[in-house]
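# Coordinate analysis (summary)
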Amino acid sequence: MTAYIIRRFLYALPVLIGVNLFTFWLFFVVNSPEDMARMHLGDKRVTEQAIQQWKHERGYDQPLFFNGSAEGLNKITETIFFTKSLKLFVFEFGQSDSGRHIGYDIRQRMWPSLALAVPIVLVGLAVNITVALMLAFFRGTYVDFWGVILCVAMMSISGLFYIIGGQVLIGKLLNLVPISGYGTGIEAWKFLLLPVLIGVVSAIGSGSRWYRTLFLEEINKDFVRTARAKGLSESLILFRHVLRNALIPILTGVVVVLPTLFMGSLLLESFFGIPGLGSYTIDAIDRQDFAIVRAMVFLGAVLYIIGLMLTDISYTLADPRVRLD
Amino acid sequence: MLLNIDHLQTHLGPSEAPVRVVDDVSLQLRSGETFVLLGESGCGKSMLSLSLMRLLPTGGRIVGGDIQLDGESLLDLPEVKMRAIRGGRIGMIFQEPMTSLNPVMRVGAQVAEAVRLHDPEQADRINERVIELLESVGIPDAARRMHDYPHQLSGGMKQRVMIAIAMAGRPALLIADEPTTALDVTIQAQVLDLLKQRQRDVGMAILLITHDLGVVAEMADRVGVMYAGQIVETSNLRDLYQHPRHPYSQQLFRATPSAAKRRQRLEAISGMVPPLNQRFKRCRFIERCEQAQTICQTGLPPWQGDNHSGYRCYVDAAQTANTSVTVGSQTTDSPDNQPPLLSIRDLRAYFPIRQGVLRRTTGYIKAVDGVNLDIPQARTLALVGESGCGKTTVGKSILQLPKPTGGEILYAGRDLTRLNGQALRQLRSDIQIIFQDPASSMNPRMRVEDIITEGLHAQKLGKSPETYRAQVADLLNHVGLPADTMQHYPHQFSGGQRQRISIARALAMQPKLLICDEPTSALDVSVQAQVLNLLKRLQNTLQLSYLFITHDIAVVAYLADRVAVMYLGRIVEQGDVTQILQHAQHPYTQALLEAVPTYDPTRGQKPITLQGDLPSPANPPQGCHFHARCPLAQTKCRTSYPPMKQTENGHGVACWLA
C-alpha cells in the first residue's frame, strides 16, 4: 500500500511537469509578454516605452529560458520560466498582473468556496441516494417510470435557469434570503442558503438517474438472489446488500472531486457574488490577468491528481477485493 | 408428501404473448428423498425452482396450478409468511458460487444473517452457531475462515458456504440449482458427497437441478426429465438408465459420449428446442424425434403411467429400439510409428510476480514448468487436469501467444520459439485454435464471412473476392451450415452453430494442428454431440491433429488417442487412452477418474480420494507437487520431485510409487 502510494506519487511528477511546460508554452510562447502588454495598455497610441515599463514592473522583461547577461546560477534563475513557472511547484504564485499577492488571495478566498461547495456535495449525495433508492425500490412501476422522466427533464434544463429562477422566486418574490452578497463569519449562512439549494436541486436529475442505474445493476446480481432466497425483506436487501455494493462506485466518484472543491464553482459564485476562488478565476479571465489564470490552472492539475490518488485509496477501504500493490 | 407441485404453469414476459417457461408440471417429493430435474439449457428447470421460492424475475408470474409444502399452498401465502419459508423450510443454492455471495460482506456475517432470521433460539450464540454450520459443511478452521471475504475462498469453499447458509434454517427441502456445474470434477465430487452427507444427517429432501447425466446417476432417487417447459418422463434412477421410455430421454443417452461409443458417430439430437412463446398443439419434441408417427401430429401426447413413474408420449416404449451407426473409415486405436507432428520439449511459461516501489520481480508463477509432449499425426492428444493446472497456457504457448519462457516447440523441423516475424506468421496458419466460449471469441459486429476470411487476408492467402466467397461457402458446407449464412452475424446462431463457425474459421487456414480449448464445455449434451461428430469427421477426412484441452473425461474417452494428465504445471502421466483410463498408475490420475460421476448400480458408496483444493502455482509444495493431497504419500514424496518413468508402449508416469 505504502509502496503503491509512493509509486503513484512518482508517476504524478511527470504529469505535473507536463502541465507546467504546457501552460508555460501557452501563456508565454504562444501569447508573448509583448501581446499581454499591448492588450492591457490598449492598442492605440501605446509607446514602446510604456510597453517596456509594463513588462519591467511585472518581471516579463527577462528572457524565457536563459539569461546570458546574468552571473552564475542567475543565468537560470533570472528568467521568466524560473520565476513564473518553476516556482509554481513550491506554490509560490507571485504577483498578479494587477499587482496583488496571488497566494494571499487564494488563502482568503478558498474558505467561501468551501463553505459553498462542501454542503452542496454532502447534501446532494444524501438527496440523490435517497431519490435513487426510492426509484430502485419501486422499479418497474409508475413511480419509477415518471421519476426517471422527471430526472431527464431536470437534467435537460440549463443550470442558469435554476440560478435565475431561484433568485427571482425565493430572493425577490418570497423575499426569504438576500439575492446576492456575502457576510463575515456565521452571518454568511443566509447568503449561502439559496446557492446551496440551487446547487443541490440542479444536480438531482443527473445524479439520481446515475445512482439508480448503479442500484439496479446490483439488484440483478446473483448475491441479491441469494439474499432473497435467505428470506430477507426487500428493504433489508436494499440497504444491507445493494446499497453497500453500489456505494463503492458512488463514493469513489465523490472522492475524486473532493480536492477540486477548493477551486469553487464558477457559475454560482459569480451569480451570487460570493468572494470565492471560482469568481476569482472568472474575474481574472475577464481582466486578462494571466498570472492568476496560470496559477489556477496549475493548482487545478495538482488537486485533480490528488483526487485520483485518493480515489484509488478509497477503493481499498470500501472494497475488500481491491489490493494495491 | 413433503412437496406437491400440481399442474404448475409459469409465464414470463407480456401477458399478450407470454413465454411459457413452465407448462403444466406436476411432481411429488417425499421427505429425505432426492429428486433430480434433468434438462438442457432453456428447458425451464431453473424457472421451476424459482417458482417454488416465488422468486421469479421481473415479469415472471405463476398463472396456474398449485405448489403445496406439507399440504399448505405456497401460492396463497402473504409475502411476509413466504419470507419465513425462504431460507427456513426451503433452502436454496445456486450454480455460480463465485457470484452468489456478497463480495463486501464477511462470509460469517452472511451465514449469521440467515441464522438470525430462521433460528431465533440461537440469537445469543450466533457466532458459535455460525462456526458449527461452517464446520458441518467441511470448512477447516471455521472460527478463522468466518472472517474471510468471499474472494479469499476457493470456488468449492464458496459453494460450501452457500450450503451452510441454506442449512441455517434447518430446511425440510433443499433446492440445488446446478450446484457443481461451475466446479472442477474433483471439487464436484466433494460437494456432491457433502450434500448426501448433510441429507443423511438432517433428513431433508433435495430437489437437484442438473444437465449432467453423471450427476444424476450419483445423486438421484428419482428423476424427472424436462423438455421445453414440461416433464416428459418421471422414473426412478435404475429404470431411467436401463429403460428410458421417452424418445427424448433415449436420444439424450445416445448423444452422451463414452468409451464404448469410440467407433460410432454420436447420435446428436438434430434441430433446436422450440420457442416457448407458443401454445403447443402437438408433441413439443416432434421436430427432433426419431420415432415420430402420424398420431404425434394429432394432439398433445397423454401421460402414460402414474404420478410416481410415467412418460408423456403416444408411442409405446416397448417398440423403441436402440440403433447405432458405425463410422465408416475409423482410425484404429493401435499406436503407429509415424513421427510426431509437433514435439514440446521442457516447455516453461513463467509469469513474474512484481512487488515494491520499483516493481521488482520477487518470484514467478510457474504456470507451465517443464512439459514434454508429442502430438501425433492425424491423432488426438487430450490434455486433462483441474482448472488452474496450466493446460490452457500450454495451448497458448504453442501458438507463441505469448512466447514461452523456455523450452522448445519442434514443428516441421523448426523450433517455433526461435521464429519471429514473417517466418512465425507463415507457420501460424498451420496451427489454429478454437476456444471454449464461441460467443465471446468472435467479434459481434463482423459477418460470418468476414470472420472466416480475416485470417486469409492476414496471411494474404486469398485472391479475388469471388474465390474468397466460394471458399467460405465450401467451409461452411464442411461444418454443416448452409452457405447463405455467411451474411449473418454471430448472435443469429445458436451455441453449437457458433462453435461450428469457429471451427470453419480455423479450417480456413488449412491447419495441420487444431488446438481445441474446452470446445464443448459451454454446450448442451445434444449440441456437444454435433460438434464432437464434426471434429471426428474432419480428422478422418483432413488428417488433422488435435490437442484437445478438456476436463471432461467422457469426451476424452470418446475422442482421444493419447492422454496427458497435468497437475500444477507439469505432466504427471501420459499414455494411450486405454492405458490411462483403464490402468492409470499415478494416484492423481486415479483420483481424477474416480471423481467422475458415473452410473453403476452395482457399486455402493464410493470414497472421496481427493481432498482439498489445487495449491497455488506461485508456491507449489516441496517435492512431488501432489503429495499434500495424495493418499499414498511417503517421506520421499515430500522431499524430491519424481522423474518421468517410461513403461511399455509410451506410457509414462511421474511418481515414486509407480
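Residues numbered from 1 in each chain as written. Chains lettered and ligands numbered in written order. Predicted model: local features only at pLDDT ≥ 70, side-chain atom pairs only at ≥ 80, totals over all residues. Heavy atoms only, no water.

So, on to the overall build of chain A. The secondary structure content of chain A amounts to 14 helices and zero strands. Taken from the N to the C terminus, the helices and strands of chain A come in the order α-α-α-α-α-α-α-α-α-α-α-α-α-α. Scaling as 2.2 N^0.38, a compact globule of 325 residues should have a C-alpha radius of gyration of about 20 Å, whereas chain A reaches 25 Å, well beyond that. Dimensions along the principal axes, computed over C-alpha positions, put chain A at roughly 85 × 60 × 35 Å. At a minimum sequence separation of 6, the contacts of chain A that also span at least 24 residues come to 68%. Taken as a whole, chain A presents about 17,000 Å² of accessible surface, with 67% of it coming from carbon and sulfur. (Helix = DSSP H or I, 4+ residues; strand = E, 2+ residues; numbered from the N terminus. Rg over C-alpha atoms; globule rule 2.2 N^0.38 Å. Contact = heavy atoms within 4.5 Å. Areas by Shrake-Rupley, 256 points an atom, 1.4 Å probe, with all protein chains shown as cover.)

Residue and element names in this part refer to chain A. The domain boundaries assigned to chain A delineate domain 1 (2–90) and domain 2 (102–318). Inter-centroid distance (C-alpha atoms) of domain 1 to domain 2 is 35 Å. At the junction of the two partners, domain 1 supplies 20 residues and domain 2 supplies 16 residues. Note on domain 1 versus domain 2: buried area summed over both sides is about 1,600 Å², and carbon and sulfur give 78% of it. On the domain 1 side of the interface with domain 2, the three residues burying the most area are Arg-8, Phe-27 and Leu-88, jointly 33% of the side's total. Counting the contacts that link domain 1 with domain 2 gives one salt bridge. A salt bridge links Asp-312 to Arg-8; its shortest N-O distance comes to 2.2 Å. Elements with a minimum of two residues in the side of domain 1 that touches domain 2: helix H1 (2–30) and helix H2 (33–41). Among the elements that take part in the side of domain 1 that touches domain 2, H1 stands out by supplying twelve residues, more than any other. For the side of domain 1 that touches domain 2, the residue count by class is 14 nonpolar, four polar and two charged. (Domains from an automatic or database assignment. Buried area = accessible area lost by both parts, 1.4 Å probe. Salt bridge = Lys/Arg side-chain N within 4 Å of Asp/Glu carboxyl O. Nonpolar A, V, L, I, M, F, W, Y, C, P; charged D, E, K, R; others polar.)

To continue, consider the environment of Lys-75 of chain A. Residue position: Lys-75 of chain A is located in helix H4 (residues 74–77). The spacing of Lys-75 of chain A and Val-322 of chain A is 247 residues in sequence and 50 Å in space, taken between C-alpha atoms.

Turning next to the pairing of strand S3 (residues 34–38) of chain B. Residues and elements named next belong to chain B. Of all five residues making up S3, five are buried, and the element is well covered by its neighbours. Of the two faces of S3, both are covered, the one formed by Thr-34, Val-36 and Leu-38 as well as the one formed by Phe-35 and Leu-37. The pairing of S3 with strand S8 (residues 205–210) spans five bridges and is classified as parallel. Considered in S8, the bridge of Thr-34 is made with Ile-206. Inspection of the sheet shows S3 paired to strand S9 (residues 222–227) by four bridges, in the parallel sense. Bridge assignment links Val-36 to a residue of S9, and that residue is Val-223. (Buried < 20%, exposed > 50% of the residue type's maximum accessible area, 1.4 Å probe, protein only. Pairing = 2+ DSSP bridges.)

With 24 residues of chain A in contact, the opposing surface of chain B contributes 28 residues. It is Ala-229, Lys-230 and Pro-320 of chain A that lose the most area in chain A upon contact with chain B, and together they represent 25% of the buried surface on that side. Here chain A and chain B share two salt bridges between them. Residue Arg-240 of chain A is joined to Glu-113 of chain B by a salt bridge in which the shortest nitrogen-to-oxygen separation is 2.7 Å. Seen at the junction of chain A and chain B, the total is 13 residue pairs in polar contact (both at pLDDT 80 or more). In terms of residue count, the dominant contributor to the side of chain A that touches chain B is helix H10 (residues 222–230) of chain A (seven residues). (Polar contact = N/O pair within 3.5 Å; in protein donor to acceptor, adjacent residues only side chain to side chain.)

Residues and elements named next belong to chain B. If you walk across this open sheet you meet the four strands as S2-S1-S4-S5, and the pairing is antiparallel. Whereas interior strands pair on both sides, the edge strands pair on one side only; in this sheet they are strand S2 (19–29) and strand S5 (72–73). Docked against the sheet, helix H1 (residues 45–53) engages strand S1 (3–12), S2 and strand S4 (61–69), running at close to 110° with respect to S1. (Axes fitted to C-alpha atoms, helices over the stretch in contact; angles between N-to-C directions.)

Split into domains, chain B comes out as domain 1 (3–89 + 171–319), domain 2 (340–430 + 511–653) and domain 3 (438–510). The centre of domain 1 of chain B, based on its C-alpha atoms, is set 36 Å off from the matching centre of domain 3 of chain B.

Residues Leu-160, Ile-164, Val-168, Leu-169, Leu-173, Leu-174, Leu-176, Leu-267 and Phe-271 of chain A make up a contiguous nonpolar surface patch of roughly 830 Å² in combined accessible area. Among the elements that take part in the nonpolar patch, helix H8 (residues 159–173) of chain A stands out by supplying five residues, more than any other. (Patch = residues over 30% accessible without salt bridge, like charges linked within 9 Å, V, L, I, M, F, W, Y side chains within 5 Å.)

Residues and elements named next belong to chain B. Counting buried positions along H1 yields eight of nine residues, so the element is predominantly enclosed. Every buried residue of H1 is accounted for by Lys-45, Met-47, Leu-48, Ser-49, Leu-50, Ser-51, Leu-52 and Met-53. Positive backbone phi, at 55°, marks Arg-54, one or two positions downstream of H1.

In this structure, Leu-37, Leu-48, Leu-134, Val-161, Leu-173, Ile-175 and Ile-503 of chain B are the most contacted members of the largest nonpolar core, which totals 145 residues. Discounting chain neighbours no more than four positions away, the residues touching Ile-175 of chain B are Ser-49, Leu-52, Met-53, Ile-90, Gly-91, Met-92, Ile-93, Leu-207 and Ile-209 of chain B. Ranked by size, the runner-up nonpolar core spans 34 residues in total, among them Phe-93, Ala-291, Met-296 and Val-302 of chain A. (Core = buried A, V, L, I, M, F, W, Y, C linked by side-chain atoms within 4.5 Å.)

The next subject is the side chain of Glu-218 of chain A. Residue and element names in this part refer to chain A. With respect to the helices and strands, the residue Glu-218 is situated in helix H9 (residues 189–219). Given the relative accessible area of 9%, Glu-218 is considered buried. Excluding its chain neighbours within four sequence positions, the residues that come into contact with Glu-218 are Phe-223, Val-224, Val-242, Asn-245 and Ala-246.

This paragraph deals with the environment of Gln-487 of chain B. Residues and elements named next belong to chain B. Examined against the element boundaries, Gln-487 turns out to sit in the loop between helix H14 (465–478) and helix H15 (495–507). The spatial distance from the C-alpha of Gln-487 to the C-alpha of Leu-475 is 14 Å, given a sequence separation of twelve residues. Contacts of Gln-487, omitting those with residues within four sequence positions, involve Arg-447, Glu-449 and Arg-469. One polar contact links Gln-487 to Glu-449, side chain to side chain, over a distance of 2.9 Å.

Residue and element names in this part refer to chain B. Read across the sheet, eight strands follow the order S6-S7-S8-S3-S9-S10-S12-S11 without closing on themselves; strand pairing throughout is mixed. Of all strands in the sheet, those with a lone pairing partner are strand S6 (90–93) and strand S11 (303–305), marking the two edges. Along the sheet, successive strands turn relative to each other by an average axial angle of 20°, direction set aside. Inspection of the sheet shows S9 paired to strand S10 (residues 230–236) by six bridges, in the antiparallel sense. Bridge pairing links Met-226 to Ile-231 in S10.

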